[in-house]
Amino acid sequence: MRIERDGPYRYRIPRQGAMRVDAVFYASPDIARDLKAEGDQALHQLVNVATLPGIVEPAVALPDIHWGYGFPIGGVAAFDPRRGGVVSPGGVGFDINCGVRLLCSDLTREELEPRKEALADALFRLVPAGVGSERRELRLTAADWPRLLTRGAGWAVEQGLGDPGDLECIESGGALPGADPDRVSPRALERGGSQLGTLGSGNHFLEVQYVEHVYDPEAAEAFGLFPGQVTVLIHTGSRGLGHQVCQDFVDRMLAAARRHGIELPDRQLAAAPIESPEGQGYLGAMAAAANFAFANRQVITAYAREAFTRAGFGPGSTRLRVLYDLAHNNAEWEEHGGRRVLVHRKGATRAFGPGHPDVPARYRAVGQPVLVPGDMGRYSYVLAGTEGAMAETFGSSCHGAGRRLSRSQAKKVARQRDPVGELARRGILVRAATRATVDEEIPEAYKDVADVVEAVEGAGLGRRVARLRPLIVVKG
DNA sequence: ATGTTC
């Protein structure tokens, strides 16, 4: 594979073989070296994506790129429907609208400290976590589904789970347009029916954090962040419902690709023309699943507020304002370079720059908040979207640290140790459904997210605003 | 990520 250095933190894979467009990836020299290492499949997957019909130049990868189902995680690909552009479930991922929501309190770290254990216990009690976790008291019925799947977070607010103001600072207003509940299979509804308001497993979490450092005081003020402030970061997605939607369409898409004469270098890239029945069906079901995920984070927010109250914090001081809520895994219609294109982001964050009409009015002068979780022992970042991202990456930035160790490698390392005890000694309280998940998620399992963010900022794809340090971690 | 091999 021919790779050219294309500027600081920027590399280009010129069109070669079956590629229809160039691919570009962003990385520090260290990250680039790892990506080029023999056996790493991420760049090969990026090249595969560049062969798909109707792709708009370039196929993009951010510094947290790693191997995924068909498409790499940390990738962005835009398709033009007027040039045979396709939609691919693998380009969105199994956890449709896996994403993060940041809440900010008016509390300081010092005010939290005396009630930290109580808060950890209350959060763990009120926010179900773990594989197959359920919230049976919210069991959804046939009458709930159409509105829930079209209105997303707004549906939860209608149910009294949150305030109308919560919807102002959510990507797409908390409801991706174009949802078609009839495209969501009965099996997907069955799986999701008792999972609304639950965290799930794997890398999903709820963290209580504090603002450890402010890089850009002006932007931090616009976002409502101040040093020492207590924040809450929720990372979860569409649970079994989204997983089943993806499953339902992968096989159908493979047949559709064959029928439409689309040559696939990898079956996992199964795709159909955007305008085909299969493409439209997937987009309708995907948006519905995305809205389930927006509702999920909204319901969890309501229970997080309840947990603060039960831990003894006064309601006035803990409103937990929604700073922002964004998707890491979705496909959506956007205008780039004067064209309306379908942008797939898989493990990537929309990062619209200053002045963009889709940035909430209160942040518009600064740019969209970009929330970048790290690992549970170090820190997470809040960035702001930039003009550079608009010009180069279809308005996209990184979404996290990216794994360094596989789950099994991490478990092997963790087995000899006491991860929960080690974190507790550093002031981080972990409440987890299973030890196995904590072992897979030890800090050493991840790259240092600071390195990823450095590359992103160096490439002009985001601007650091603040760094958040964990205090309490709820895990599956 | 995932009723973690429906």
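Below is a short write-up of the structure. From a predicted model like this one, the values you see are computed outputs, not experimental measurements. (Residues numbered from 1 in each chain as written. Chains lettered and ligands numbered in written order. Predicted model: local features only at pLDDT ≥ 70, side-chain atom pairs only at ≥ 80, totals over all residues. Heavy atoms only, no water.)

### Details of the layout of surface pockets
Counted as a void, the largest pocket has a volume near 1,100 Å³. If you go around the largest pocket, you meet 43 residues; those closest to its centre are D95, C98, N203, H204 and R407. At 3 residues, helix α9 (residues 239-259) tops the list of elements feeding residues into the lining of the largest pocket. When the residues that make up the lining of the largest pocket are grouped by side-chain class, the tally is 11 nonpolar, 21 polar and 11 charged. In this structure, the second largest pocket encloses a volume near 470 Å³. In this structure, the second largest pocket is lined by 17 residues; those nearest its centre are D34, D40, R403, R404 and K447. (1 Å grid on protein atoms, 1.4 Å probe; cavity = no way out; pocket = protein on both sides within 12 Å on 5 of 7 lines; lining within 4 Å. Points joined across faces, edges and corners; volume = space filled by probe spheres on them. Helix = DSSP H or I, 4+ residues; strand = E, 2+ residues; numbered from the N terminus. Nonpolar A, V, L, I, M, F, W, Y, C, P; charged D, E, K, R; others polar.)

### Quick look at the protein's contact with DNA strand B
Lining the immediate environment of DNA strand B, one finds 14 residues, of which R187, R191, G202, N203 and R239 sit closest. The contact atoms of DNA strand B, taken as those within 4 Å of the protein, divide so that sugar and phosphate hold 50%. Here a phosphate oxygen of DNA strand B and a side-chain polar atom of Q195 are 3.0 Å apart. One of the side-chain nitrogen or oxygen atoms of H243 is found 3.4 Å away from a base oxygen of DNA strand B. Elements represented by at least two residues in the surface near DNA strand B include exactly α7 (186-192) and α9. Here the surface near DNA strand B takes 3 residues from α9, the largest share from any one element. (Near = heavy atom within 4 Å. Polar contact = N/O pair within 3.5 Å; in protein donor to acceptor, adjacent residues only side chain to side chain.)

### Some thoughts on empty space enclosed by the protein
Applying the stated criterion across every chain yields a total of 1 cavity of 30 Å³ or more. Contributing to the lining of the largest cavity are L46, V49, V60, F71, P72, G75, V76, A77, G91, H344 and K346. When grouped by side-chain class, the residues that make up the lining of the largest cavity number 7 nonpolar, 3 polar and 1 charged.

### Details of the pattern of salt bridges
As a working rule, side chains carrying opposite charge can pair if their charged atoms are close by. Evaluated as defined, the whole model comprises 41 salt bridges. Across the pair R463 and D216 runs a salt bridge, and its minimum N-O distance is 2.9 Å. Placement of the pair is R463 in strand β19 (residues 463-475) and D216 in the loop between β8 (205-214) and α8 (217-223), with a sequence separation of 247 residues. Taking the relative accessible area as the measure of exposure, R463 reaches 31% and is therefore partly exposed. A salt bridge links R403 to E441; the nearest nitrogen and oxygen atoms lie 3.0 Å apart. (Salt bridge = Lys/Arg side-chain N within 4 Å of Asp/Glu carboxyl O. Buried < 20%, exposed > 50% of the residue type's maximum accessible area, 1.4 Å probe, protein only.)

### Describing helix α4 (residues 116-126)
All of the buried residues in α4 are K116, L119, A120, A122, L123 and L126. With its buried residues spanning 165° around the axis, α4 presents them on a single face. For α4, the elements touching its buried residues are α3 (109-112), β8, α10 (277-310), β18 (429-432) and β19. (Arc of directions from axis to C-beta. Contact = heavy atoms within 4.5 Å.)

### Things to note about the packing of α4 against α10
Packing of α4 against α10 brings their axes to within 8 Å, and their N-to-C directions diverge by 145°. As α4 packs across α10, the resulting crossing turns out to be right-handed. Residues L119, A122, L123 and L126 of α4 lie in contact with α10, whose contacting residues are Y303, A304, E306, A307, F308 and R310. Here the contact of α4 with α10 is built from residues that sort into 8 nonpolar, no polar and 2 charged. (Axes fitted to C-alpha atoms, helices over the stretch in contact; angles between N-to-C directions. Left-handed = near helix turned anticlockwise from the far one by under 90°.)

### So, the nonpolar core
Of all hydrophobic cores here, the largest spans 133 residues; its most connected members are F25, L119, L206, V208, V245, M286 and F308. With 18 residues, α10 is the single largest residue contributor to this core. Within the second largest apolar cluster, 25 residues are counted, among which are A220, F352, V359 and V382. (Core = buried A, V, L, I, M, F, W, Y, C linked by side-chain atoms within 4.5 Å.)

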